[in-house]
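Architecture at a glance
Residue strings, one per chain:
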Amino acid sequence: MSSSKKNRAFWNSWSVAYQAAHGPVLSQKALAWGVWRIPESELRILGPIEGRRMLELGCGAAQWTLGLAAGGAHAVGIDLSEQQLAHARTSTESIGEGPGLVQGDAENLPFQDGVFDIVFCDHGATVFAAPKKTVSEAARVLRPGGLFAFCMSTPIRDICFDPSTGAVSTKLATDYFGLSRFEDVESVEYQLQYGAWIRLFRAEGLVAEDLVEIQAPPDAVTTYSDFVAANWARRWPAEHVWKLTKTA
Ligand SMILES: C[S@@+](CC[C@H](N)C(=O)[O-])C[C@H]1O[C@@H](n2cnc3c(N)ncnc32)[C@H](O)[C@@H]1O
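Residues numbered from 1 in each chain as written. Predicted model: local features only at pLDDT ≥ 70, side-chain atom pairs only at ≥ 80, totals over all residues. Heavy atoms only, no water.

**Structural notes on the packing of helix H6 (residues 131-141) against helix H8 (residues 194-203)**
Where H6 meets H8, the closest approach of the two axes is 9 Å, and the angle between their N-to-C directions is 40°. Between H6 and H8, the interaxial angle falls into the category oblique. For the crossing formed where H6 meets H8, the hand is right-handed. Residue-level inspection shows Pro 131, Lys 132 and Val 135 of H6 in contact with H8, the latter providing Trp 197, Leu 200 and Phe 201. Here the residues of the contact of H6 with H8 are counted per class, giving five nonpolar, no polar and one charged. (Axes fitted to C-alpha atoms, helices over the stretch in contact; angles between N-to-C directions. Helix = DSSP H or I, 4+ residues; strand = E, 2+ residues; numbered from the N terminus. Parallel < 35°, antiparallel > 145°, perpendicular 65-115°, else oblique. Left-handed = near helix turned anticlockwise from the far one by under 90°. Contact = heavy atoms within 4.5 Å. Nonpolar A, V, L, I, M, F, W, Y, C, P; charged D, E, K, R; others polar.)

**Some points on the packing of aromatic side chains**
In total, this model carries 18 aromatic pairs according to the counting rule given. Plain terms: the ring middles of Trp 11 and Phe 128 are 5.5 Å apart, the flat faces sit at 85° to each other, and that makes the pair edge-to-face. Within this pair, whereas Trp 11 is found in helix H1 (residues 3-28), its partner Phe 128 is found in helix H5 (residues 125-128), the two being separated by 117 residues in sequence. Each member of the pair, Trp 11 as well as Phe 128, carries the same accessibility label: buried. Considering the side-chain rings of Trp 232 and Trp 236, the 5.1 Å spacing of their centres and the 50° angle between planes classify their relative orientation as tilted. (Phe/Tyr/Trp six-rings, centres within 6.5 Å; stacked < 30°, edge-to-face > 60°. Buried < 20%, exposed > 50% of the residue type's maximum accessible area, 1.4 Å probe, protein only.)

**Side note on the pattern of salt bridges**
A complete count under the given rule lists ten salt bridges for this structure. The closest approach of N and O atoms between Glu 183 and Lys 6, which form a salt bridge, is 2.8 Å. Within this pair, whereas Glu 183 is found in strand S10 (residues 181-183), its partner Lys 6 is found in helix H1, the two being separated by 177 residues in sequence. Through salt bridges with shared partners, a single network forms among Lys 6, Arg 181 and Glu 183. (Salt bridge = Lys/Arg side-chain N within 4 Å of Asp/Glu carboxyl O.)

**Here's the deal with H1**
Here H1 contains 26 residues, and its C-alpha end-to-end distance of 31 Å is more than 12% below the 38 Å for a straight helix at 1.5 Å per residue. Along its length, H1 shows its largest kink, about 55°, at His 22, and proline Pro 24 lies within four residues downstream of that point. Residues Ser 3, Ser 4, Lys 6, Asn 7, Phe 10, Trp 11, Ser 15, Tyr 18, Gln 19, His 22, Gly 23 and Leu 26 constitute the buried set of H1. (Expected span 1.5 Å × (residues − 1). Bend = angle between axes of the 7 residues up to and from the residue.)

**Some thoughts on the environment of Ala 233**
Inspection of the secondary structure puts Ala 233 in helix H9 (residues 230-235). The buried category is assigned to Ala 233, whose relative accessible area is 1%. Ala 233 has contacts with Trp 36, Gln 215, Ala 216, Val 228 and Ala 238, leaving out every residue within four places of it along the chain.

**What to know about the pairing of strand S7 (residues 142-153)**
S7 sits mainly inside the fold: nine of its twelve residues count as buried. Relative to S7, strand S6 (residues 116-122) is paired through six bridges, and the arrangement is parallel. Bridge pairing links Asp 122 to Cys 151 in S7. Two strands pair when backbone bridges link them, and S7 and strand S13 (residues 239-246) are joined in this way by seven bridges, in the antiparallel orientation. (Pairing = 2+ DSSP bridges.)

Structure (structure tokens):
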């Protein structure tokens, strides 16, 4: 089964429980990054959003996309899972005209070349879609000079993830050079070595402006405690945000 087919089924079946566990905090802290919900106003990844044509890859219930539209962006959210989008549509109904919501695959975007100023996600499709296709598609739909930003797990966290306990250890537990595609009975996820990410970006005409490594705040709390423990993420970066510009 392709990763998209498997992940679509997974997110359709998990969506109700996922939104029950995380939806309220994601809505309350909509314009914020990662499991600690660090505000965009603090990290300043996206810059000014008013009037910007923005695409969220793997928007889920579209808390980010809705928040951006409320801030004046022309925001579109795409997601594989119709169940996740159903949660998003419930929220947009209550506010009248909302952002565009599209069911589709980040590996094969249904948009023309160069139509977005900003493409981004927060633990979205870049976790679950093949990096080569997803980065290539993000670069294709960006205008020259546009921004591609995405937050996901770091390779450091992933090589400390111990499959035998299902938790992140303080010891190296997984081969760094084995980072690639991870499939279990439910879903498929991806990670690359740092150098492989950079070579992929350059091959698609994307230049790294920054890699923002997120440290858990001292008083950190999260609804995603299974992702990493707060005391671990005080010592090492469990998440980071790649910030890339498309060259002309
Ligand atoms: C962890 S959620 C992230 C959404 C939101 N930022 C959040 O924190 O809830 C990941 C989302 O990516 C979507 N997704 C996975 N693979 C995708 C793909 N190939 N194309 C589009 N969306 C995808 C899933 O359906 C899911 O809604």
